[in-house]
Each structure stands twice: as C-alpha cells, then as structure tokens.
Amino acid sequence: MRYAAKRAITLLITMVAVSFLAFAAFDIISGDPATAMLGTEATPERVEALRAELGLDRPLLVRYGQWLAGFFTGDLGTSYSYGQPVWDLIAPKVGVTLVLSLMSFVLIAAVSVPLGIWAARWGGGPLSGARTVLGQLCMAVPPFFLGILLTYLFSLVLRWFVHGSFPGFGTDPVGTLRYLFFAALTLAIPRIAMTVRMLGSTIRSELGREYVRTAISRGNDRSGVLRHHVLKNALVPVVTFLAQTMAEIVAGSIVVEQVFAIPGLGRMLVASIADRDYPVVQAIVVILAFWVVLSGTLADLINTRIDPRLRLGGGA
Amino acid sequence: MRHWNGYLRAGTILLAILTAAIVVGCFWTPYDPTAMSVGPAFDPPSLQHLLGTDRFGRDIFSRVLKGAGTTFAIAGATVAVGAVCGTAIGALTGYFGGVVDGVLMRLGDVLTAFPSILLALVIISILGPGNKYNVVIALGLVFIPSFARVTRTAFASLRDVNYVKSAQLMGASSLRILCVHILPNTLQVLLPAVTIGFNNAVLAEASMSFLGIGVTPPDASLGYMLSEAQSMLSAAPWYALGTGAAIVLLVFSVGLVGEGLQRRGGEVA
C-alpha cells in the first residue's frame, strides 16, 4: 500500500510538471493571440481589451492555476478558430479515441500472449532466422501505410466497410465499432509482432533457469511448469511492454485516425496544429499526456502485484 | 571489427543499392518528377513508367526517387542532430556524474516515456508546421534523450577501466580521454542506436508529412506522397504501393544492418 501511495504521488508530480510544461511552452512561444486574432492593423486599445478578455494580462503562474482548475471542471478556454468552448469541441472525440485505443489494446493482448507462448514452444530451429526477418519487416511497415493497405483490402476489394463514412456512436453504434475495428487492427499488427517476439525470447530464457529443471525433475509436466511457474516470471517485462504499447497506441492513433478519416482526438490535434489553434492543441496534448502517464503507473502497479521484489526498488 | 553475419551482409547490400538509387535520383530521374502529363493519367505500371502514373500523368517512379532523397536527407540530418547532442550529453553526464547527471537522466526518463511523435508534434506546433528545417529540429530534439541514455551507460561503465585510469595518471585532459580513449570503445553500442534512430526518424518524418504538418510541397517526401496516393487509392493503387514499398525497403534494410551490428556486438563482447 505504501508503494501504491508513493507511485500516486510521483504520478501527481509528473502530471503537474507535464501540464505546466505544455501550458508554458504554448503560452510563451506562441506569441500574442490577441494580435494574431485582430491582425496587425488593430488599434492598441482593442488589442488591450481583447487581452483582458482572454485573460492574457495576468502573470503566467496565475493563468496556469486557472487553466488547471478549468481543466478539471471542463472549462478549457475558447478555441481561436471555432470560437466555441474547447471542451465542447473535444468531448465527443475523447470517446472515439478511447474506444479505438482500448479495442486495439485488447486485440494486442488477446492475440500476442497465446501466440508468444506458442512461439516459445516451437522456438529455435531453422525458422528463428526467418522469424527475425519477418519481425523486422513487420516493424518496417509504417502504420499509415499499413492502414492504406488494409483500407484497400477491406474497403475497396472486399467492401466490408466504406472508407470515409464514419457513422458515429449516436447513429449506429455497431457500425461504428466495425469501422473502428479496422483502424484498431492497423494499430495492433506491428505491436503484436513485437510482443510475440519479446514474450517468446523471455519465456525461452526462463525455461533454461534452474527452477524449471527442478520442477520438471520433480515430475511436473512441461505445460504445467510453463503455466504455473514460467509465465508468472515471463509476464513481468511483457506487462511493462504492453503499458508502453498503450502509449504507442495513443501516438499511433493520431496517424491512423487520419488514414481512416475517424473524427477522434488525433485528427483534431493535427487540424489544430495546422490552424495554430493553441487552446485546443494544449488541451489535447495534456489529455494524451495524462493518458500515457496514467497507463505507465498502472503497469507499474500491476507489475509489483506479479513480482513483489520490484517494490523494494531492486530489479528482477 | 571484421565479423560479418548474414543480417549485416544482406542489409548492407540492400542499403547500398537503395543509397545508389537515391543518389542517382538527386541528379537524374527518368522523367521530371513534377512535370504533368508525361504520360496518360492513371497509367498502370509499364516499361515506360515503372510505377505507373498518377492523376496528373506524373511519373511515379521519378517522384518516389526524389521523395526518397528528401526523406533520406531529413532522417540523416535528424539523426546527426540527435546523435551528436545526445552523445555529448551522455558522455559528460556518464563520465562526470553528479547532480546534473541525476537531474538530466530523470528528465530523459520522463521524456522517453512519451511517444516521440507526440513530442515532435508539440515542438513542431510551437516552431510552426510545414517547414523542413523545423521538422529536423523537432525530431532531432526528440531523439536526444535516447542517444544520451545509451552513451551515458557506455561512458559510465568505461570510466573506471584501467586504460582510462592510466590516461588520467599520465595527465591527459578530460576532453582527450572522452574523445580519444572512451568514444571509440562506445561505437559498439552507438552504431546500433544510430540505425534504430535513423529508422525512427524515417517513420516519424513520413508520419508528420503524411499528416500534412511536416514537409510540404514543393519539397516532396514519401510521407506527403502517400497522403496524396491515398486520395487516388481506387484509381491508382500502384501509387500508394510504390511509395509505401520504398519506405518499407529503406527501413527494412537499415533495420537489418542494425540487427547485424547488434549481433556482432554480442559476439565480440
């Protein structure tokens, strides 16, 4: 429990640091939005009035405090380009990206763990070189290209979904899930290749340990040893890796949403960067960053559940 | 240093062919990559147009050659920025240690926890999107922590070996020890890191250009071309396939070299 509390405090500090950095970075370097909105020919009085209206005349720390308070009450400021509250713009997109990420995460975990165990059992041999090459090839395919290939296959050849016609959860929940599935698959495939490779090699190295030999010499059968002894040890690095995968999925969703024309956070982020709509960029970056930090902490906590040694700070 | 293995050999050969094609592409392409109507629109691959033509009748093979050159140059510049700055930081913190070391490494831990594309997007949105130099700066900055971490470990582990101690006793300056004595011995870990970094840079640049906030016309990079190709996917699937295959081949060959270097490092150590 003390470990969990310590992690929670670290998490809190990281979140404050990250959100402050994001806030300050956009605030200092983005220049004066008041002049940007009014144009260079605006009178100084008008600029001054708008600055006061936007709250730009107060010191940085005060504005950060207000912004953070607003972040948790749903008041994220006003978008420069749409003139609407940022939260109203973002809220419908959060759910889409969340579902997409979770879907591909479940896909990765559900496919790669059994496949990794299978790979470890049949590991070594003449096929291991071929698998290394295949793994390199899988990792070499960029997510947007994979997305285009899958679009071509499933949308243009097989006609399983219509590219560019995202239904939305409100109108057609099942159709939306089906549409998202192909994007989730795009995100999952390279990660599955990596996880399988990693799980295979950890299981193989664990199988060579002395406790396995002891267990087998005491009359246990191989699959029992694998299930009860080896997996527990081999899963620790995999859980860490899957948590990183969560972060990678979030990042990958930015690109994949663009490929599949899914109106999620990532697409909004890219559009806002191109428009220099900083309040929106700020909000989305902080949301995605919190997401990443949170999943990292969660993985740590799960890891210490599996392997209590980690709680003492020493590695396995 | 003459331990070749299958991965290294295959990767080097493939990479050499690609590099040669890219270098040739800088000076000569079968057709002008930007000229329209050098052939009929949506012409499938043929001997005249190896990868076919697009909606405007532009020769896709010429465009891919040119675009690969841009992507290659940007990835190279990015890795150079990241590797030089990262190695300098890693060398100093690894060799001297102290408070600065602790703080910088903590910061690096936090930064590497974030997906590089997210960080790069933040930096590019601050610097201004759609400019190739900003892409290099943004990605270079993003890659510094990973290089710093790799080199720091190597420098810290070599700090107390005997040849470094004797160099210190002989009165060699710290700079000389770092550059002449330790640096050559860290190449074994540095080179695989460079290949991985190069691949990440290729993919990151292509992603950003695909999103329309990286390299923008008139400079064509493979990422931007793929976004163009996606809009004509049903009429000219060869455009997307040719462009994507170029990225995959580039990353694959560098990945093989990296794998080979890593395995060689394992054999030597």
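Residues numbered from 1 in each chain as written. Chains lettered and ligands numbered in written order. Predicted model: local features only at pLDDT ≥ 70, side-chain atom pairs only at ≥ 80, totals over all residues. Heavy atoms only, no water.

Asks: Before we go on, may I ask you to explain the interface of chain A and chain B in this structure?
Replies: How big an interface is tends to be expressed through the accessible area that disappears when the partners come together. With 41 residues of chain A at the interface, the matching set in chain B holds 37 residues. Counting the surface chain A buries against chain B, the share from its top three residues, F144(A), I148(A) and I273(A), is 18%. Remark: the boundary between chain A and chain B carries zero salt bridges. Remark: the boundary between chain A and chain B carries one residue pair in polar contact (both at pLDDT 80 or more). At the level of elements, α1 (2–29), α6 (127–140), α7 (143–157), α10 (222–260), α11 (265–275) and α12 (278–306) of chain A are the ones that each hand at least two residues to the side of chain A that touches chain B. In terms of residue class, the side of chain A that touches chain B is made up of 32 nonpolar, seven polar and two charged. (Contact = heavy atoms within 4.5 Å. Buried area = accessible area lost by both parts, 1.4 Å probe. Salt bridge = Lys/Arg side-chain N within 4 Å of Asp/Glu carboxyl O. Polar contact = N/O pair within 3.5 Å; in protein donor to acceptor, adjacent residues only side chain to side chain. Helix = DSSP H or I, 4+ residues; strand = E, 2+ residues; numbered from the N terminus. Nonpolar A, V, L, I, M, F, W, Y, C, P; charged D, E, K, R; others polar.)

Asks: Is there a simple way to explain empty space enclosed by the protein in this structure?
Replies: Over the atoms rolls a probe the size of a water molecule, and its path tells where empty space is left. If you walk through the whole model with that rule in mind, you get two cavities of 30 Å³ or more. Roughly 50 Å³ of volume is contained in the second largest cavity. If you trace the second largest cavity, you find it lined by F145(A), I148(A), L149(A), Y152(A), L233(B), P237(B), A240(B) and L241(B). Of all elements in the fold, only α7 of chain A together with α9 (237–268) of chain B reach the threshold of two or more residues within the lining of the second largest cavity. It is α7(A) that provides the largest number of residues to the lining of the second largest cavity, a total of four residues. Residues that form the lining of the second largest cavity fall into these classes: eight nonpolar, no polar and no charged. (1 Å grid on protein atoms, 1.4 Å probe; cavity = no way out; pocket = protein on both sides within 12 Å on 5 of 7 lines; lining within 4 Å. Points joined across faces, edges and corners; volume = space filled by probe spheres on them.)

Asks: Looking at this structure, how should I read the packing of aromatic side chains?
Replies: Two measures describe an aromatic ring pair: the distance that separates the ring centres and the angle between the ring planes. For the structure on display, the rule yields six aromatic pairs over all chains. Considering the side-chain rings of F72(B) and F198(B), the 5.4 Å spacing of their centres and the 65 degrees angle between planes classify their relative orientation as edge-to-face. Of this pair, F72(B) sits in helix α2 (residues 60–96) while F198(B) sits in helix α7 (residues 174–210), and the two are 126 residues apart along the sequence. Among the residues examined, F72(B) registers a relative accessible area of 24% and is labelled partly exposed. Three or more aromatic residues joined by ring pairs make a cluster, and in this case those are F154(A), F181(A) and F182(A). (Phe/Tyr/Trp six-rings, centres within 6.5 Å; stacked < 30°, edge-to-face > 60°. Buried < 20%, exposed > 50% of the residue type's maximum accessible area, 1.4 Å probe, protein only.)

Asks: Even after reading the chapter, I still don't get the packing of α12(A) against helix α4 (residues 116–127) of chain B, so can you show me in this structure?
Replies: The packing of two helices is summarised by the inter-axis angle and the distance between the axes. Remark: α12(A) packs on α4(B), axes separated minimally by 11 Å, with the N-to-C direction vectors making an angle of 160 degrees. It follows from the interaxial angle that α12(A) and α4(B) lie roughly antiparallel. For the pair α12(A) and α4(B), the crossing hand works out as left-handed. Here Y278(A), V281(A), V285(A), L288(A) and A289(A) of α12(A) come into contact with α4(B), specifically with L118(B), V122(B) and S125(B). Class assignment for the residues of the contact of α12(A) with α4(B) results in seven nonpolar, one polar and no charged. (Axes fitted to C-alpha atoms, helices over the stretch in contact; angles between N-to-C directions. Parallel < 35°, antiparallel > 145°, perpendicular 65-115°, else oblique. Left-handed = near helix turned anticlockwise from the far one by under 90°.)

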